[in-house]
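Each chain is listed here by its residues.
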Amino acid sequence: MRKYIAEFIGTAVLVTMGCGTAMLVGCSTKSGYGAGYILTALAFGLSIVAMAYSIGNISGCHINPAVSLGVLISGGMKFVDFIGYVIAQLLGAFAGAAALKFIWHFAKIKDQTGYLGYGTNGTAGVNGSTVAALAVEAGLTFIFVIAILGVTSKKANHGSFGGLVIGLTLTFVHILGIGLTGTSVNPARSFGPALIAAISGNTAPIGNLWIFIVAPLVGAAVAALVYKFLDKE
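Residues numbered from 1 in each chain as written. Predicted model: local features only at pLDDT ≥ 70, side-chain atom pairs only at ≥ 80, totals over all residues. Heavy atoms only, no water.

Visitor: Honestly, empty space enclosed by the protein in this entry has me stumped. Any pointers?
Guide: Counted under the stated rule, the structure contains 1 cavity of 30 Å³ or more. Reported here for the largest cavity is a volume of approximately 80 Å³. As for the largest cavity, its lining consists of 13 residues, of which Leu 14, Asn 64, Phe 144, Leu 170 and Asn 186 are closest to the centre. Mapped onto the lining of the largest cavity, the elements with two or more residues apiece are helix 2 (35–59) and helix 6 (162–181). A per-class count over the lining of the largest cavity returns 7 nonpolar, 5 polar and 1 charged. (1 Å grid on protein atoms, 1.4 Å probe; cavity = no way out; pocket = protein on both sides within 12 Å on 5 of 7 lines; lining within 4 Å. Points joined across faces, edges and corners; volume = space filled by probe spheres on them. Helix = DSSP H or I, 4+ residues; strand = E, 2+ residues; numbered from the N terminus. Nonpolar A, V, L, I, M, F, W, Y, C, P; charged D, E, K, R; others polar.)

In C-alpha cells, the structure reads:
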C-alpha cells in the first residue's frame, strides 16, 4: 500500500507543478515568448527530480502508467502491482488537477493555457492531425522510457544521479513536444486535467484524450522491447 500512496503523491505533485506552471506562465511558441515554454518544461522535469529523490526508494517513482508498463514488460514488476500503480497514478493526477481548479477558482487567475484548459494536451500544434500527434507522443515516450530503463538497469553505473538524468530527459522531450501536443508522454498526466476540464465545462480535451493514452503506452511498450533486445548478453 505504501508504494501506491507514494505513486499517488508523486503523480499529484507532477500535475500540480507541471500543469500549474503552464497555466500560470503560458507556453507560447512565438519568438520572444519562450520563457513560459522553457519554464513549463523545467517544471515537469524538476518535479520528477524532486519525487525521484523522495519516493524513488519506496515505489521507484514511476508516476506514469507508460513507465509502469515499460517496467512490467521488462520484468521489473508484477502485473498486480502494475494495476495498483496505474490506479494510484490516475487518482493522483485527478487530485493534482483538482488542486489547480481550487487554486485558480479562488485566486481568480487567468488560465494561460486556454479556457478552462488546466494544462490539457491537444492537437492544435500539429494542425489537428491525429497521425502526427500519435507519432509525436509515441516517439517522445519511447525516448523517455528507454532512458529510464537504461539509467535504472543493474548494469548502469550512475550512482545517485539517476533521478537527475530522468528529470532532465523529461525536460528534454518537453522542449520539442510542448509546441506540438503539449507533451503528455504520460496517460495519467493527460487524464487528470482533461477530466477536471470536462467537469468545469470544457469537454474538448476529452475528445482527444485517447491519443494521449494510446500513444504513450505504445511508445513505452516498444521502448521496453527494444531495450530488452539491446540489453541481451
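Next comes the rest of the write-up.
Visitor: Sorry, what's going on with the layout of surface pockets here?
Guide: One simple way to see leftover space: roll a probe sized like a water molecule over the atoms. Counted as a void, the second largest pocket has a volume near 480 Å³. Along its surface, the second largest pocket is lined by 25 residues, and Thr 113, Thr 120, Gly 122, Thr 181 and Gly 182 are the ones closest to its centre. Elements with a contribution of two residues or more to the lining of the second largest pocket: helix 2, helix 6 and helix 8 (204–208). The dominant element in the lining of the second largest pocket, judged by the number of residues it contributes, is helix 6, at 5 residues.

Visitor: What should I look at first to understand the packing of aromatic side chains in this one?
Guide: By convention here, two paired aromatic rings are described through the distance between centres and the angle between planes. Following the criterion strictly, the structure yields 3 aromatic pairs and no others. A ring pair is formed by Tyr 4 and Tyr 85, whose centres lie 5.9 Å apart and whose planes are at 85°; its orientation type is edge-to-face. Residue Tyr 4 is found in helix 1 (residues 2–25), and its partner Tyr 85 is found in helix 4 (residues 79–107); the two are separated by 81 residues along the sequence. Each ring, one from Phe 79 and one from Phe 82, has its centre 6.0 Å from the other, and the planes form 35°; the classification is tilted. Taken together, the residues Phe 79 and Phe 82, both in helix 4 and 3 residues apart, mark about one turn of the helix. Owing to a relative accessible area of 12%, Phe 82 belongs among the buried residues under this scheme. (Phe/Tyr/Trp six-rings, centres within 6.5 Å; stacked < 30°, edge-to-face > 60°. Buried < 20%, exposed > 50% of the residue type's maximum accessible area, 1.4 Å probe, protein only.)

Visitor: Is there a simple way to think about the packing of helix 3 (residues 65–73) against helix 4 in this case?
Guide: Packing of helix 3 against helix 4 brings their axes to within 9 Å, and their N-to-C directions diverge by 170°. Comparing the axis directions of helix 3 and helix 4 gives the class roughly antiparallel. Facing helix 3, whose interface residues are Pro 65, Ser 68, Leu 69 and Leu 72, helix 4 presents Phe 79, Phe 82, Tyr 85, Val 86 and Gln 89. Its residues assigned to classes, the contact of helix 3 with helix 4 comprises 7 nonpolar, 2 polar and no charged. (Axes fitted to C-alpha atoms, helices over the stretch in contact; angles between N-to-C directions. Parallel < 35°, antiparallel > 145°, perpendicular 65-115°, else oblique. Contact = heavy atoms within 4.5 Å.)

Visitor: What should I look at first to understand unusual backbone geometry in this one?
Guide: Most peptide bonds adopt trans geometry, and most residues besides glycine take a negative phi value. Not every positive phi belongs to a glycine, and Cys 61 is a case in point at roughly 55°. Residue placement: Cys 61 occurs in the loop between helix 2 and helix 3. Judged by its relative accessible area of 10%, Cys 61 is buried. Its identity as a non-glycine residue notwithstanding, Leu 116 has a phi of 50°, on the positive side.

Visitor: Any chance you could explain the environment of Ala 93 here in plain terms?
Guide: Summarising the element assignment, Ala 93 is placed in helix 4. Owing to a relative accessible area of 0%, Ala 93 belongs among the buried residues under this scheme. For the pair Ala 93 and Ala 188, spaced 95 residues apart in sequence, the C-alpha separation works out to 5.7 Å. In this structure Ala 93 touches Thr 11, Ala 12, Val 15, Ala 188, Arg 189 and Gly 192, once residues within four positions along its chain are discounted.

Visitor: For this particular structure, what's the right way to read helix 7 (residues 187–200)?
Guide: Taking 1.5 Å per residue, 14 residues should reach 20 Å; helix 7 reaches 20 Å between its end C-alpha atoms and fits that length. Buried residues dominate helix 7, accounting for 10 of its 14 residues. Structurally, the start of helix 7 carries an N-cap: the backbone nitrogen of Ala 188 is 3.0 Å from a side-chain oxygen of Asn 186. Once helix 7 finishes, Gly 201 follows within two positions and takes phi at roughly 115°, a positive value. (Expected span 1.5 Å × (residues − 1). Polar contact = N/O pair within 3.5 Å; in protein donor to acceptor, adjacent residues only side chain to side chain.)

Visitor: What should I look at first to understand helix 2 in this one?
Guide: Structural remark: α-helix, 3.6 residues per turn; residues separated by three or four positions point the same way. End to end, helix 2 covers 33 Å across 25 residues, agreeing with the expected 36 Å (1.5 Å per residue, within 8%). Where helix 2 bends most, at Tyr 53, the angle is about 50°. Of the residues trailing helix 2, Gly 60 is marked for its positive phi of about 90°. (Bend = angle between axes of the 7 residues up to and from the residue.)

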